[in-house]
Amino acid sequence: QVQLVESGGGLVQAGDSLRLSCAASGRTFSRYCMGWLRQAPGKEREFVAGIRWSDGSTYYADSVKGRFTISRDNAKNTVYLQMNSLKPEDTAVYYCAADRVLSKVVRGEYEYWGQGTQVTVSS
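Now for a quick tour of the structure.

Rules used in this analysis
- Sequence order as written defines the numbering, with residues in each chain counted from 1.
- Restriction of local features to residues with pLDDT of at least 70 applies here, the model being predicted, together with a cutoff of 80 or more for giving and counting side-chain atom pairs; totals for whole chains, interfaces and linings are based on all residues.
- Neither water nor hydrogens contribute to the side-chain values; these are computed over all heavy atoms in the structure.
- Under the DSSP-based scheme used, a helix requires at least four consecutive residues in state H or I and a strand at least two consecutive residues in state E, with every element numbered from the N terminus.
- Exposure categories follow from relative accessible area, calculated using a 1.4 Å probe and restricted to protein chains: below 20% of the type maximum is buried, above 50% is exposed, and the middle band is partly exposed.
- A contact between two residues is defined here by any heavy atoms of the two lying within 4.5 Å.
- Note on areas: Shrake-Rupley, 1.4 Å probe, and residue coverage restricted to the protein chains presented here.
- Two residue types count as positive, namely Lys and Arg, and two as negative, namely Asp and Glu; His and chain ends fall outside the count.
- Think of each charge as sitting on NZ of Lys, CZ of Arg, CG of Asp or CD of Glu.
- Salt bridges are defined as contacts in which a side-chain nitrogen from Lys or Arg sits within 4 Å of a carboxyl oxygen from Asp or Glu.
- To form a nonpolar core, buried Ala, Val, Leu, Ile, Met, Phe, Trp, Tyr and Cys residues must be joined to one another through side-chain atoms within 4.5 Å.
- When DSSP finds two or more bridges between a pair of strands, those strands are recorded as paired.
- All axes here are fitted lines through C-alpha atoms, helices being fitted over the stretch that makes contact, and every angle between N-to-C directions spans 0 to 180 degrees.
- Pairs of cysteine sulfur atoms within 2.5 Å are what we label disulfides.

**Section: the overall build of the protein**
Stage number 1. Looking only at helices and strands, the protein features one helix and 11 strands.
Stage number 2. The order of α-helices and β-strands along the protein, N terminus first, is β-β-β-β-β-β-β-β-β-α-β-β.
Stage number 3. Principal-axis analysis of the C-alpha atoms gives the protein an extent of 40 × 25 × 25 Å.
Stage number 4. Looking at the protein residue by residue over its 123 residues, the buried ones come to 43%.
Stage number 5. Intrachain contacts of the protein at a sequence separation of at least 6 include 58% that bridge at least 24 residues.
Stage number 6. With an accessible surface of roughly 6,400 Å², the protein has 45% of that area assigned to carbon and sulfur atoms.
Stage number 7. Put simply, the protein has 15 plus and 12 minus side-chain charges, and the middle of one group is 5 Å from the middle of the other.

**A look at the pattern of salt bridges**
Stage number 1. A full pass over the atoms with the stated rule returns six salt bridges.
Stage number 2. Close ionic contact of Asp 62 with Lys 65 constitutes a salt bridge, the shortest N to O distance being 3.0 Å.

**Here we look at the nonpolar core**
Stage number 1. Within the largest apolar cluster, 31 residues are counted, with the highest numbers of intra-cluster contacts made by Leu 4, Met 34, Trp 36, Leu 81, Met 83 and Tyr 94.
Stage number 2. Of all elements in the fold, only strand S3 (18-25), strand S4 (33-39), strand S5 (46-51), strand S7 (68-73), strand S8 (78-83), strand S9 (92-99) and strand S11 (117-122) reach the threshold of two or more residues within this core.
Stage number 3. Those residues within four positions of Leu 4 in sequence are excluded, and the remaining contacts are Cys 22, Ala 23, Ala 24, Met 34, Cys 96, Ala 97, Ala 98, Tyr 112, Trp 113, Gly 114 and Gln 115.
Stage number 4. Cys 33, Ala 97, Leu 102 and Val 105 belong to the second-largest nonpolar core, a separate cluster that totals seven residues.

**Some words on the sheet that holds strand S1 (residues 3-7)**
Stage number 1. Taken in spatial order, the four strands make up an open sheet running S1-S3-S8-S7, and their pairing is antiparallel. Strands at the two margins of the open sheet, each flanked by one partner only, are S1 and S7. Adjacent strand axes in the sheet meet at a mean angle of 15 degrees, parallel and antiparallel pairs treated alike.
Stage number 2. The pairing of S7 with S8 spans six bridges and is antiparallel.

**Examining the environment of Tyr 59**
Stage number 1. Locating Tyr 59 in the fold gives a position in strand S6 (residues 58-60).
Stage number 2. Once you skip the residues sitting within four places of it in the chain, Tyr 59 turns out to touch Phe 47, Val 48, Ala 49, Gly 50, Leu 102 and Val 106.

**A closer look at the state of the cysteines**
Every disulfide links exactly two cysteines, by a covalent bond between their sulfur atoms.
Stage number 1. In this structure the tally under the stated criterion is one disulfide.
Stage number 2. Sulfur-sulfur distance for the disulfide between Cys 22 and Cys 96 comes to 2.2 Å. One disulfide, between Cys 22 and Cys 96, carries an S-S torsion of -85 degrees and so falls in the left-handed class. Of this pair, Cys 22 sits in strand S3 while Cys 96 sits in strand S9, and the two are 74 residues apart along the sequence.

Okay, structure coming up:
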């Protein structure tokens, strides 16, 4: 069982940065692939970034590549999303997700997810 709690969202201006955190409970956190997804008003939830538990390899949506960085600290049971050069189109609720298989996170078939944190980017 893994429980996820996101934090770090807020209201920023275009070009600013934010770092989201996702604290996970459960002793098997290090064996889960972690990901961030987002959902804007009126749109479907979309994959943003993911990181494998086995080798720490990362994967990004094209829309955030070069601007966002996902990382994890297994000792702290926490995964981060550093978001730079934010744009108004990044405005969404950001969710943390976990599954043993990264491709399932990418497809939206993750086993666990959090309640989300709101990110609003003004122009």
